[in-house]
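Observations on the three-dimensional arrangement
Take a look at the letters that make up each chain.
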Amino acid sequence: MSFTKFNTLPEPEEAFIPLREEQLAILEAQVESEQPVATVQSQFNFAWGLIKSKDDDDVKQGINLMTEIFKTVPSRRKECIYYLALACFKMKEYQEATRYITTLLQHQPSNAQALSLQKMINNELAKDSLIGFAIISTAVAAGAGLASYFFKRKK
């Protein structure tokens, strides 16, 4: 996979700043006006707008569009991988986000935005692990307490 140098990637936090409905409608209208084959840039802009949405269905549609661009336009793959990692992170699909960001960092280990996103993903994975551990610990303690209660009761 070849990656061209591209320095205008957004900071990860920008994925959580949705466009106004009118802005997203303009991007969609641009894609529709270019049919039967919209330009890659118009499709890319619309996909990014969808990924920024608060609506999960929009984000999923953005992922689908970005995946299609990744498959069909090799020169945009590096960007697509980053945006796909952002979208997966936003959807709390941390394993998939990790897969994308690891691939990107293999080709560009000093990419600041990718490193920042990797740190955010790792923080969420660690948080999820701690929450899971706390839930399991609580369940085990509750189970032990119930078992102790029943054993004492039988005596």
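Residues numbered from 1 in each chain as written. Predicted model: local features only at pLDDT ≥ 70, side-chain atom pairs only at ≥ 80, totals over all residues. Heavy atoms only, no water.

1. Overview of the overall build of the chain
Along the chain, the regular secondary structure elements total 6 helices and 0 strands. Scanning the chain from its N terminus toward the C terminus, one meets helices and strands in the order α-α-α-α-α-α. The contacts of the chain with a sequence gap of at least 6 include a subset with a gap of at least 24, amounting to 61%. (Helix = DSSP H or I, 4+ residues; strand = E, 2+ residues; numbered from the N terminus. Contact = heavy atoms within 4.5 Å.)

2. Comments concerning the nonpolar core
By size, the foremost hydrophobic cluster in this structure holds 32 residues, and its most contacted members are Met66, Tyr82, Tyr83, Ile101 and Leu117. If you list the elements that add at least two residues to this core, you get α2 (40-51), α3 (56-72), α4 (77-90), α5 (94-107) and α6 (112-154). Judged by nonpolar contacts, the second largest core, of 5 residues, contains Leu24, Ala38, Phe46 and Leu50. (Core = buried A, V, L, I, M, F, W, Y, C linked by side-chain atoms within 4.5 Å. Buried < 20%, exposed > 50% of the residue type's maximum accessible area, 1.4 Å probe, protein only.)

3. Some details on the environment of Glu79
Tracing the backbone through its elements, the reader meets Glu79 in helix α4. For Glu79, a relative accessible area of 5% corresponds to the buried category. Once the C-alpha coordinates of Glu79 and Thr8 are considered, the two residues, 71 residues apart in sequence, prove to be 9.2 Å apart. Of the polar contacts made by the side chain of Glu79, one reaches the side chain of Arg76; its length is 2.4 Å. (Polar contact = N/O pair within 3.5 Å; in protein donor to acceptor, adjacent residues only side chain to side chain.)

4. Observations regarding the side chain of Lys52
Structurally, Lys52 is set in the loop between α2 and α3. Here Lys52 sits buried without a salt bridge, and the closest side chain of opposite charge, Glu14, lies 4.9 Å off (N-O distance). A polar contact of 2.8 Å, which involves the side chain of Lys52, links it to the backbone oxygen of Glu14. Excluding residues that lie within four positions of it along the chain, Lys52 makes contacts with Glu14, Ala15, Ile17, Pro18, Leu19 and Lys90. (Lys, Arg positive; Asp, Glu negative; His and termini not counted. Salt bridge = Lys/Arg side-chain N within 4 Å of Asp/Glu carboxyl O.)

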